Amino acid sequence: MPKKVVSDNQKEKKSKKDLPKQVKDDRPNPPKKPLSSYFLFKDAVYEKTKKDNKDVKHQELLKLIGKMYNEISDDQLKKLQGEAELLKEKYQKEIKEYEQKYGPLKKSSGKREKRKKSDDGQDSGDDDEKTGDNNEDCLLYTSDAADDLLCVDLGGRRIIKKKK
């Protein structure tokens, strides 16, 4: 039986067993956020709607459920919203208990913080403190107003600096 030819690249690859283990947090997972009234409605009607519309794709099925949700009576809507509110209150109690027992929740680092934008859609001058008077980080200068200097940095951010 011929031997398998193994390249250098394959030899260098490490299996999951060889990689260092990440430190696990001893805390259990926090309670999951409650469902909104729409998702409570979707969960209630999804299977029946799927059986009635076997040939419809998932995306179209969700559009159909969305239309059904918009057409439900006010009484049904209030009932769903009341149930969602009860679930939200229960979640808030569970989160309080969780935080008292295990400390505050860790913020996920995967999501980026949204930037505040001014009325004209441009970034506000929140980055002034970061750049200070160091003008080397600016790629382009334009005069935006009589008292302001607009600096566009290498990242493409618009930063308004005050003239001295």
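Predicted, not measured: the structure shown is a model, and the values here were computed from it.

Each value, and the rule that gives it
- Starting from 1, residues in each chain are numbered consecutively following that chain's sequence as written.
- This being a predicted model, a pLDDT of at least 70 is required before a residue's local features are given, and a value of 80 or more before pairs of side-chain atoms are given or counted; all residues contribute to the totals for chains, interfaces and linings.
- Note that water and hydrogens are dropped before the side-chain values are worked out from all heavy atoms of the structure.
- Helix and strand assignments come from DSSP, with helices taken as H or I runs of at least 4 residues and strands as E runs of at least 2, each series counted from the N terminus.
- For the exposure calls, accessible area comes from a 1.4 Å probe over protein chains only, and a residue counts as buried if that area is under 20% of its type's maximum, exposed if over 50%, partly exposed in between.
- Contacts are assigned to residue pairs with any non-hydrogen atoms lying within 4.5 Å of each other.
- Values of accessible area rely on a 1.4 Å probe in the Shrake-Rupley scheme; residue burial ignores everything except the protein chains shown.
- What is meant by a nonpolar core is a set of buried Ala, Val, Leu, Ile, Met, Phe, Trp, Tyr and Cys residues, joined one to another through side-chain atoms within 4.5 Å.
- Think of a salt bridge as a Lys or Arg side-chain nitrogen and an Asp or Glu carboxyl oxygen that are within 4 Å of each other.

A.B. asks: Help me out: how do you make sense of the overall build of the chain in this one?
C.D. replies: Per the secondary structure count, the chain includes five helices and three strands. Going residue by residue from the N terminus, the α and β elements of the chain occur as α-α-α-α-α-β-β-β. Here the chain, with 164 residues, has 18% of them falling under the buried criterion. Contacts in the chain between residues at least 24 apart in sequence constitute 44% of all its contacts with a sequence separation of at least 6. In the structure as shown, the chain presents an accessible area of about 15,000 Å², 51% of it carried by carbon and sulfur atoms.

A.B. asks: Whenever I open this one, the nonpolar core confuses me. Can you help?
C.D. replies: Nonpolar side chains in soluble globular proteins generally cluster together in the buried interior. One finds Leu40, Phe41, Val45, Tyr46, Leu61, Ile65, Tyr69, Ile72, Leu80 and Ala84 forming the largest nonpolar core, which totals ten residues. Where this core is concerned, the elements lending two or more residues are α2 (37-52), α3 (58-70) and α4 (74-102). The dominant element in this core, judged by the number of residues it contributes, is α2, at four residues. Ala84 has contacts with Leu35, Ser36, Ser37 and Leu40, leaving out every residue within four places of it along the chain.

A.B. asks: Could you clarify how one ought to interpret the pattern of salt bridges in this entry?
C.D. replies: Any two side chains of opposite charge can pair, so long as their charged atoms come close to each other. In the structure shown here, the tally under the stated rule is three salt bridges. Residue Lys42 is joined to Asp43 by a salt bridge in which the shortest nitrogen-to-oxygen separation is 3.5 Å. Looking at Asp43, the relative accessible area reads 46%, which means it is partly exposed. Glu60 is the partner of Lys63 in a salt bridge, and the nearest nitrogen-oxygen pair spans 3.8 Å.

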